[in-house]
Amino acid sequence: MSVHRRPPLPGVQRLARALALTAAATGVLHLGVAPAGAAPTDPPDRADVKAQVDQLYEEAEQANEKYNAAQEQQRRLQREAGALQSQVAAGQDDLNRLRGDLGAVVAAQYRTQGLDPTLRLMLDQDPASYLAGARALGQATERQNETLRELHERQRRLDQRRQEATAKLDELEQARQRLAAAKDEVHSRLARAQRLLGGLSAAERVRLADDDARDAQDRATRGTDRLDLGDLPPASDRAAAALNAAVSKIGSPYVYGSTGPTTFDCSGLMYWAWRQAGVTLPRTSQGQASAGRRVSLAEARPGDLVIFFKDRHHVGMYAGGGVVVHAPHPGARVRYESVSAMPVNSVVRV
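The sections below set out a description of the structure shown in this document. (Residues numbered from 1 in each chain as written. Predicted model: local features only at pLDDT ≥ 70, side-chain atom pairs only at ≥ 80, totals over all residues. Heavy atoms only, no water.)

**Description of the pairing of strand β6 (residues 344-349)**
And then number 1: Where strand β1 (residues 293-295) lies against β6, three bridges are found, and the strand directions are antiparallel. Among the inter-strand pairings, Arg293 is bridged to a residue of β6, identified as Arg349.
And then number 2: Pairing analysis gives four bridges linking strand β2 (residues 305-308) to β6, with the strands arranged antiparallel. Counterpart to Val306 in the pairing with β6 is Val347. (Pairing = 2+ DSSP bridges. Helix = DSSP H or I, 4+ residues; strand = E, 2+ residues; numbered from the N terminus.)

Now the structure itself:
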């Protein structure tokens with residue numbers, strides 16, 4: 001089966017070519033050449049740099065999923081805090097109206113009950129009318145007592161909502177701090193990767209980029225000229241639609257925290273693809289690991305989610321023939337890759 005053959009630009013290649021062009025344009029020498037008066041140092045080993053950069057990209061992706069989780073939690077908490085604050089405002093308005101009504105009743109009673117009830121009965125020219133009014137007044141007093149009890153209950157509920165809103169806002173602030181920390185961690189890992197690549201000469205960076213491109217292509221095609229995804233049908237029409245959507249984004253750049261439509265992170269690609277099939281998945285790879293029924297890797301069908309690594313920080317979509325389509329890591333592009341290129345944690349059928 002013939003498939004998309006445009007060679008992807010993985011992370012090392014993308015950064016390496018950019019750094020190579022920068023170095024060539026500015027005439028900056030690689031770090032293997034020491035400045036005047038300094039002791040010469042050995043140039044960094046290309047294979048060692050690649051291993052370190054790959055590790056940093058994996059760590060950046062782990063931090064990216066933490067970022068996604070914190071961002072999702074922040075959005076949820078914002079909605080919940082907003083709802084509680086609206087309830088507090090509405091409750092306070094109701095309480096104010098109830099107090100106003102009760103105050104008006106009390107004022108009216110004070111004006112009409114200035115005399116002792118027995119004296120009023122003696123002086124009233126129509127005792128029968130007074131007695132009827134007294135009974136009505138007694139009923140009004142009972143309603144007033146009920147209103148007073150309702151007032152106290154509403155005040156209690158309002159105080160409880162205020163406490164809940166305060167706690168939710170505190171939780172929201174903690175989520176914002178986690179979000180900022182995860183974002184800083186992603187940036188830190190990517191910056192370190194760039195510095196490592198910058199330690200190579202321009203020629204070494206180009207060779208490293210070419211090596212990485214060949215490695216990625218070999219992992220995807222397993223050394224063949226054509227990628228055979230087999231003829232196993234998707235698990236459902238929705239799975240077929242999701243897979244077609246994911247495959248249509250091959251070549252799109254990886255950008256952390258992105259859910260499309262032109263850039264993606266790993267879970268963002270799955271989220272976007274399944275949305276095109278009418279299904280809303282959880283935002284993170286950890287959440288997507290619980291989004292459906294678990295099946296074995298041997299039972300995997302096109303469209304199934306494949307969760308990778310022990311901490312489930314990466315996810316791809318099974319495309320058939322032992323291959324997944326996924327957004328690999330920061331700096332790379334959406335591509336096919338062998339399912340065996342990473343340790344499989346679980347397979348999920350949505």
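**Quick look at the sheet that holds strand β5 (residues 335-338)**
And then number 1: The six strands lie next to each other as β1-β6-β2-β3-β4-β5, forming an open sheet whose pairing is antiparallel. Whereas interior strands pair on both sides, the edge strands pair on one side only; in this sheet they are β1 and β5. Each strand axis lies, on average, 40° off the axis of its neighbour in the sheet, ignoring direction.
And then number 2: The pairing of strand β3 (residues 314-320) with strand β4 (residues 323-326) spans three bridges and is antiparallel. Bridged to Tyr318 within β4 is Val324. (Axes fitted to C-alpha atoms, helices over the stretch in contact; angles between N-to-C directions.)

**Some remarks on unusual backbone geometry**
A negative phi holds for most residues other than glycine; trans holds for most peptide bonds.
And then number 1: A cis amide bond, omega 5°, links Gly260 with the succeeding residue Pro261.
And then number 2: Along the chain, the position of Pro261 falls in the loop between α6 (237-247) and α7 (266-276).
And then number 3: The backbone of Phe309 sits at a positive phi, close to 70°, despite the residue not being glycine.
And then number 4: Looking at the secondary structure, you find Phe309 in the loop between β2 and β3.

**Focus on α6**
And then number 1: Regarding α6, the residues found buried are Ala239, Ala242, Leu243, Ala245 and Ala246. Taken end-on, α6 shows its buried residues confined to a sector of 160°, consistent with a single buried face. Seen from the open side of α6, the exposed residues pointing more than 90 degrees away from its buried face are Asp237 and Asn244. (Buried < 20%, exposed > 50% of the residue type's maximum accessible area, 1.4 Å probe, protein only. Arc of directions from axis to C-beta.)

**Focus: the pattern of salt bridges**
And then number 1: For the structure shown, the criterion picks out 12 salt bridges.
And then number 2: A salt bridge links Lys168 to Glu80; the nearest nitrogen and oxygen atoms lie 2.9 Å apart. On the criterion of sequence distance, the pair formed by Lys168 in helix α4 (residues 127-198) and Glu80 in helix α2 (residues 46-112) is long-range, its members being 88 residues apart.
And then number 3: In this structure Lys168 comes out as buried when scored by relative accessible area, which is 19%.
And then number 4: With a relative accessible area of 26%, Glu80 lands in the partly exposed category.
And then number 5: Where Arg162 meets Asp159, a salt bridge forms, and the shortest distance between an N and an O atom there is 3.7 Å. With a gap of three residues between them, Arg162 and Asp159 both fall in helix α4, about one helical turn apart.
And then number 6: By relative accessible area, Arg162 is classed as partly exposed at 33%. (Salt bridge = Lys/Arg side-chain N within 4 Å of Asp/Glu carboxyl O.)

**Examining the pairing of β4**
And then number 1: Of the two faces of β4, the one carrying Val323 and Val325 and the one carrying Val324 and His326 are both buried.
And then number 2: Connecting β3 to the antiparallel partner β4 that follows it, the hairpin turn spans two residues, and Gly321 within it adopts a positive phi of roughly 65°.
And then number 3: As paired strands, β4 and β5 are joined by four bridges and run antiparallel to one another. Among the inter-strand pairings, Val324 is bridged to a residue of β5, identified as Glu337.

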